[in-house]
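Observations on the three-dimensional arrangement
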Amino acid sequence: MTATALDPTTALVLIDLQKGIAGLPGTPHPSADVIARGARLAAEFRARALPVVLVNVTGGAPGRTESAARGATPPADWAELVPELDRQPADIIVTKQQWGAFHGTNLDLELRRRGVTQIVLAGIATSIGVESTARAAHEHGYHVAIATDAVTDLDEAAHRNSLEKIFPRLGETDTTEAIVKLLG
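Computed from a prediction, not measured in an experiment: that's the story for all the values here.

What follows is about the overall build of the chain. Each helix and strand counted, the chain has 6 helices and 6 strands in total. Along the chain direction, N to C, the helices and strands of the chain fall in the order β-α-α-β-β-α-β-α-β-α-β-α. For 184 residues, the compact-globule estimate of 2.2 N^0.38 gives 16 Å, and the chain sits close to it at 15 Å. Counting across all 184 residues of the chain, residues that qualify as buried make up 50%. Residue pairs in contact within the chain that sit at least 24 positions apart in sequence constitute 84% of those at least 6 positions apart. A total accessible area of about 9,000 Å² is found for the chain, and carbon and sulfur atoms account for 53% of it. The chain carries 17 positive and 22 negative side-chain charges, and their two centres are separated by 3 Å.

Before going further, it helps to examine the pattern of salt bridges. Charged atoms that come close allow side chains of opposite charge to pair. The tally for this structure, following the rule as stated, stands at 10 salt bridges. The salt bridge partner of Arg114 is Glu110, with a shortest N-O separation of 2.5 Å. We classify Arg114 as partly exposed; its relative accessible area is 38%.

A separate point is the nonpolar core. Residues Leu12, Leu14, Leu17, Leu41, Phe45, Leu85 and Val120 are the most contacted members of the largest nonpolar core, which totals 30 residues. Those elements that provide at least two residues to this core are β1 (10-15), α1 (19-22), α2 (31-47), β2 (52-57), β4 (118-124), β5 (143-152) and α6 (176-183). Top contributing element to this core by residue count: α2, with 5 residues. For Leu41, the contacting residues outside a window of four places in its chain are Leu12, Ala122, Ala147, Ala150, Thr176, Ile179 and Val180. Listed in part, the 25 residues of the second largest apolar core include Ala101, Ile119, Ala137 and Tyr142.

What follows concerns the pairing of β1. Counting buried residues in β1 gives 6 out of 6 residues, a clear majority hidden from the surface. Taken together, the 6 bridges between β1 and β4 define a ladder with parallel strand orientation. Within β4, the residue paired with Ala11 across the bridge is Ile119. Pairing of β1 with β2, which is carried by 4 bridges, proceeds in the parallel orientation.

The rules behind each value
Residues numbered from 1 in each chain as written. Predicted model: local features only at pLDDT ≥ 70, side-chain atom pairs only at ≥ 80, totals over all residues. Heavy atoms only, no water. Helix = DSSP H or I, 4+ residues; strand = E, 2+ residues; numbered from the N terminus. Rg over C-alpha atoms; globule rule 2.2 N^0.38 Å. Buried < 20%, exposed > 50% of the residue type's maximum accessible area, 1.4 Å probe, protein only. Contact = heavy atoms within 4.5 Å. Areas by Shrake-Rupley, 256 points an atom, 1.4 Å probe, with all protein chains shown as cover. Lys, Arg positive; Asp, Glu negative; His and termini not counted. Charge placed at Lys NZ, Arg CZ, Asp CG, Glu CD. Salt bridge = Lys/Arg side-chain N within 4 Å of Asp/Glu carboxyl O. Core = buried A, V, L, I, M, F, W, Y, C linked by side-chain atoms within 4.5 Å. Pairing = 2+ DSSP bridges.

Right, dumping it as structure tokens:
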């Protein structure tokens, strides 16, 4: 569904635009393009005094999985947000240990304190951190919008599945440009 409106108190939530993840090859959008669009959205939200949430991940959920564990110790700057986001003092910083930005963090509290009723999501990876956060936002009662050209994945089929099958059930989707126009 094309994004039709943004609530007066909408927050931007940028997922995992950090050095260790931004260096991975994104598909179908290069990670550098996703970062540039995320930075544009952040600047537009800040210009309107709307909340900007910058999320990074420093761990992973416990438990057995069929996929291989990371194993190696990541570089010291792996979780640092990319400088292109131009982090500002008023930005909300959320560090997560799971895929989604709501579980085990203060994200919901920070948004509710500010009267936020809708979030716009962007980041890496579409089918992991972005989708998990979109699902939780929907379950928490937020209106959800996803900037479709400001998300990317390591797996194009997983990215397409999120965009075509999952996100339309959770909210609205549109391009960065269309979302900026809705900001007014």
